[in-house]
Amino acid sequence: MKYCILLFLMILNVHSLLAQIEIHGKILDKKGRPIVSANITIVDSYDGGITDHNGLFRFSTTENGAHILVIVASRFDSLFVPINITNQAIQIDTSLKVTKLEEDGVVVSSRGFILGGGKRNSVMNAQDIYTTGGANGDISSALRTLPGTQQLGEREGLAVRGGDVYETKQFIDGTLVSHPYFSGATNIPTRTRYPPNLFKDIAFSTGGYSALYGQALSSALILETIDIPEKSESNVSVTPLFWGGGLQKVAKDKKSSFGFDYSYTNVGLYFKVIKQTPDYFKMPQFHSSDWNYRIKTKGGGLIKYYGTFDYNQMGLRRQSVDSAIWKNAFDLKGSNWYHNVSWRQPFNHQWKMTLSAGFSLNKNNIWQQLQDSSNKEVAIPNIYLDTLQFNLKNKDLFAQTKLVLEKKWRHNNALRFGAEYWYNDYSLNYNIKQYQLKDNYIAAFAETDYYILPKLALEAGLRFENSSLMRTHELAPRAALAYKFSSSNQINFAYGMFYQKPENTYLIYNSKLKMTQANHYIFTYLYTGKGTMLRLETYYKQYENLVKIYPNYTNNGNGFAKGIDVYWRDNNHTIKTLDYWITYSYVDTKRNYLNFPFSMQPNFVANHTANLVTKKFIAPINTGVSATYSFASGRPYYNLHLNAVGDANYSLLDQGKTKQYQTLNMSVYHLMKIGKGFGVLYASMNNVLNRNNVFGYNYSVNGLNRQPILPTAKRFYFIALFISWGVDRSQDTINNNL
């Protein structure tokens with residue numbers, strides 16, 4: 001193995017030694033502002049570079065003679081510069097012109113929120129995710145401050161516009177991530193596996209997403225990893241909860257890079273100081289590692305690889321709702337492998353190819369017991385209580401490959417088409433029962449952007465999906481129409497049909513279920529001013545073929561969701577150095593699915609939700625503070641009780657609504673120099689007001705007792721020191737807040 005590593009490093013070294021002539025310069029817009037992430041490439045070669053936050057670029061080349069340098073940046077017209085490479089360094093200082101359509105034209109924006117990448121209509125970037133009070137660097141927690149999402153304190157994931165969390169899917173570099181969150185215990189949420197700084201673009205669709213993606217009834221979170229970094233960098237993280245470090249090495253010619261990170265989390269010390277409700281007999285521990293490799297290809301292409309491995313374990317006891325002398329003991333060991341490789345390659349005549357593949361293997365080994373006051377197992381023969389003590393092992397193998405071809409022509413009109421293939425092998429051992437599912441899923445899709453007029457644009461797509469396991473196929477048309485009636489105002493209308501396979505936990509009982517279906521109708525008004533943005537959306541979503549599990553596993557379920565979403569952001573416009581956004585959502589939804597006896601509002605939905613996020617950066621002391629206030633009206637809870645033997649239906653024995661959810665989360669960070677490094681000292685407190693939020697109730701098997709679902713502790717505290725060497729991000733942070 002070590003010889004392979006040496007050979008790998010030698011190849012990198014030889015590759016860099018061949019570079020001889022330096023090409024450098026600065027790329028600005030017509031107003032003299034630096035253009036970040038502009039791509040500069042010598043046509044028909046492997047050589048090129050990317051501009052940094054000052055618009056500067058630098059790379060070396062072994063080419064010589066007459067060549068064409070092409071400069072490409074999002075929102076700008078591409079520029080072709082003839083150069084003659086001799087034995088002298090070449091300096092290129094130039095400016096790009098904003099594309100006519102970008103300046104005056106319309107953009108289809110019904111498809112959701114764009115985060116990062118400096119794109120127009122961007123509502124949040126990676127630094128926002130790190131600095132939003134209460135998010136603590138977790139992507140999903142930050143996204144819950146956007147309209148359309150529910151405040152969930154008892155489980156991970158994004159519940160969007162009346163949809164359950166499994167109806168939101170995540171995609172990295174075009175491929176589906178089958179297990180984006182760490183495994184955990186019931187009613188205790190876990191974090192996203194992937195850090196925000198891994199991604200340069202994050203698109204969060206709350207409905208009506210592109211035909212290039214599928215198998216998500218309500219929402220799609222589309223993530224694109226960064227390209228080759230500007231500079232080499234190393235980092236360490238030190239906190240009472242975890243420690244970690246990593247390295248990112250960029251080749252001298254900036255044509256390739258590789259890196260790795262590792263972190264270890266053990267909450268034992270924290271739990272000794274901050275008491276938790278559960279009795280942890282095995283402290284939660286997490287080992288997380290990731291690695292990446294990126295290399296440019298001839299003609300301005302890029303191949304990216306990203307892999308991760310996670311392992312976590314935990315064990316806890318909680319008071320049983322069925323008896324005052326019993327406890328529920330839970331033990332988990334989980335592991336997850338994830339690999340993703342993508343190849344993005346432009347061709348002549350504005351053709352572009354994106355080829356990607358993903359692989360993941362997720363394993364969980366779980367046991368649950370009823371225990372007595374001495375923590376000894378209680379043997380209960382009752383068939384209902386048997387579901388409370390079990391041994392469970394599951395393995396979920398998921399592989400995917402996807403090809404997308406894109407052709408652009410005049411006025412940014414575009415055609416995208418391609419296909420993808422998924423393979424899923426899922427096995428479950430539950431006590432003495434064994435289940436296994438294998439599925440081959442195929443999809444083909446086509447989508448076009450067509451500008452009917454400079455201010456009127458159409459995006460139309462069609463997606464075909466087929467599952468070998470379910471022996472079913474579906475055709476999903478989608479379309480969005482946008483009209484821009486002034487430089488700051490535009491309206492959009494989107495319609496689409498979306499299909500999703502039932503969860504494997506249902507398919508193991510009936511593999512011939514149909515795909516569940518949701519039809520989206522969305523109307524959007526968008527205003528973009530100087531440093532401000534207003535987004536108003538109203539929608540209607542119709543559910544069909546939802547899964548019913550009693551008396552049999554069928555597709556007889558249905559439902560609807562309708563509502564309005566409001567988003568307002570003022571980024572340092574009204575008050576200098578104060579950035580804030582306000583969101584409000586109203587949703588009216590009911591569905592008849594699973595064991596619901598009739599159409600009811602799901603227990604994860606509050607009718608009203610609102611957020612106020614504020615951020616202020618105090619430049620003289622290099623310190624930023626953030627406060628997030630979140631509100632949600634009460635959520636419904638139900639006691640659904642299975643009728644007597646011979647009547648396999650559920651009855652509603654009790655119902656109600658929880659009290660309002662409110663929380664105030666605060667964070668503060670300080671930027672500083674530590675030797676030659678750049679440091680960030682970060683601290684946060686969730687639920688500053690110490691409210692006792694309730695997320696629902698658990699009922700005993702006989703239905704006579706109930707137990708509130710509460711956080712494991714009222715407050716969460718976090719303090720950390722992050723140090724990096726090689727890249728000083730203080731200016732980026734300051735620019736983001738000024």
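A brief structural summary. (Residues numbered from 1 in each chain as written. Predicted model: local features only at pLDDT ≥ 70, side-chain atom pairs only at ≥ 80, totals over all residues. Heavy atoms only, no water.)

Looking only at helices and strands, one finds seven helices and 39 strands in the protein. The contacts of the protein with a sequence gap of at least 6 include a subset with a gap of at least 24, amounting to 63%. (Helix = DSSP H or I, 4+ residues; strand = E, 2+ residues; numbered from the N terminus. Contact = heavy atoms within 4.5 Å.)

This part takes up a nonpolar patch on the surface. A grouping of Phe 347, Trp 351, Trp 409, Leu 415, Phe 417, Tyr 450, Ile 452, Leu 453 and Leu 481 is seen on the molecular surface, where their side chains present a nonpolar patch of about 800 Å² in accessible area. Breaking the nonpolar patch down by element, the ones donating at least two residues are strand E22 (414-430) and strand E23 (433-453). Looking at which element gives the most residues to the nonpolar patch, the answer is E23, with three residues. Within the secondary structure, Phe 347 is located in strand E19 (residues 327-347). Residue class for Phe 347 comes out partly exposed when judged on its relative accessible area of 45%. (Patch = residues over 30% accessible without salt bridge, like charges linked within 9 Å, V, L, I, M, F, W, Y side chains within 5 Å. Areas by Shrake-Rupley, 256 points an atom, 1.4 Å probe, with all protein chains shown as cover. Salt bridge = Lys/Arg side-chain N within 4 Å of Asp/Glu carboxyl O. Buried < 20%, exposed > 50% of the residue type's maximum accessible area, 1.4 Å probe, protein only.)

Another point: the packing of aromatic side chains. Applying the stated criterion to the full structure yields 29 aromatic pairs. Consider the rings of Tyr 270 and Phe 271, whose centres lie 6.0 Å apart with planes at 55°: the pair is tilted. There is no split in this pair, since Tyr 270 and Phe 271 are both buried. Summarising the aromatic geometry, the rings of Tyr 495 and Tyr 521 are spaced 5.2 Å apart at their centres and angled 45° between planes, so their arrangement reads as tilted. Within this pair, whereas Tyr 495 is found in strand E26 (residues 489-500), its partner Tyr 521 is found in strand E27 (residues 516-529), the two being separated by 26 residues in sequence. Accessibility expressed as a relative area gives 26% for Tyr 495, which makes it partly exposed. When its relative accessible area of 33% is taken as the criterion, Tyr 521 is described as partly exposed. Among the aromatic residues, ring-to-ring pairing joins Tyr 270, Phe 271, Tyr 280 and Phe 716 into one connected group. Of note, Arg 193 hangs over the ring of Phe 182, and the distance from its end group to the ring centre comes to 5.0 Å. (Phe/Tyr/Trp six-rings, centres within 6.5 Å; stacked < 30°, edge-to-face > 60°. Lys NZ or Arg CZ within 6 Å of the ring centre and 35° of its normal.)

Glancing now at the pairing of E23. Sheet topology places E22 next to E23; 17 bridges connect them, and they run antiparallel. Counterpart to Tyr 430 in the pairing with E23 is Lys 433. The antiparallel hairpin formed by E22 and E23 contains two residues in its connecting segment, where Asn 431 sits at a positive phi of about 55°. Sheet topology note: the E23/strand E24 (residues 456-467) ladder contains 12 bridges and is antiparallel. (Pairing = 2+ DSSP bridges.)

Inspection of every chain in the model, using the stated rule, returns 27 salt bridges. The partner of Arg 193 in a salt bridge is Asp 310, with the nearest N and O atoms 3.3 Å apart. On the criterion of sequence distance, the pair formed by Arg 193 in the loop between strand E11 (175-177) and strand E12 (199-205) and Asp 310 in strand E18 (residues 301-319) is long-range, its members being 117 residues apart. Note on Arg 193: relative accessible area 10%, which makes it buried. A relative accessible area of 3% places Asp 310 in the buried class. Residues Lys 352 and Glu 406 are paired through a salt bridge, measuring 3.9 Å at the closest nitrogen-oxygen approach. Taken together, the residues span a long stretch of sequence, with Lys 352 in strand E20 (residues 351-371) and Glu 406 in strand E21 (residues 390-408) at a distance of 54 residues. Relative accessible area serves as the criterion here: at 13%, Glu 406 is assigned to the buried category. Look at the salt bridges and you will find they share partners, linking Asp 173, Lys 200, Glu 224, Asp 227, Lys 304 and Arg 344 into a network.

Below, the discussion takes up the sheet that holds strand E1 (residues 21-29). Ordered by their spatial adjacency, three strands build an open sheet running E4-E1-E7, and the pairing between neighbours is mixed. Strands at the two margins of the open sheet, each flanked by one partner only, are strand E4 (56-61) and strand E7 (90-96). Across the sheet, the mean angle separating the axes of adjacent strands is 20° when strand polarity is ignored. Where E1 lies against E4, six bridges are found, and the strand directions are antiparallel. In the sheet register, Ile 23 faces E4, and the bridge partner there is Phe 59. (Axes fitted to C-alpha atoms, helices over the stretch in contact; angles between N-to-C directions.)

Time to look at the environment of Asn 424. Looking at the secondary structure, you find Asn 424 in strand E22. Relative accessible area serves as the criterion here: at 10%, Asn 424 is assigned to the buried category. Every residue in contact with Asn 424, bar those within four places of it in the chain, is listed here: Asp 396, Leu 397, Phe 398, Leu 437, Lys 438, Asp 439 and Asn 504. Within the structure, Asn 424 has its side chain in polar contact with the side chain of Asp 396 (distance 2.7 Å). Polar side-chain contacts of Asn 424 include one of 3.3 Å to the side chain of Asn 504. (Polar contact = N/O pair within 3.5 Å; in protein donor to acceptor, adjacent residues only side chain to side chain.)

Attention now moves to the sheet that holds strand E5 (residues 65-72). With respect to topology, four strands assemble into an open sheet ordered E3-E2-E5-E6, the strand pairing being antiparallel. Where the open sheet ends on each side, the last strands, each with one partner, are strand E3 (48-50) and strand E6 (79-85). In this sheet, neighbouring strand axes are inclined to one another by 20° on average, regardless of whether the strands run parallel or antiparallel. Note that strand E2 (residues 39-42) and E5 share four bridges and pair antiparallel. Along E5, the bridge assignment pairs Thr 41 with Val 70.

Attention now moves to the environment of Asn 328. You can see Asn 328 is positioned in strand E19. Overall, Asn 328 belongs to the buried group, its relative accessible area being 19%. Taking the C-alpha atoms as reference points, Asn 328 and Asn 375, separated by 47 residues in sequence, lie 9.5 Å from one another. Those residues in contact with Asn 328 that sit more than four places away from it in its chain are Leu 316, Arg 317, Arg 318, Gln 319, Ser 320, Val 321, Gln 369 and Leu 370.

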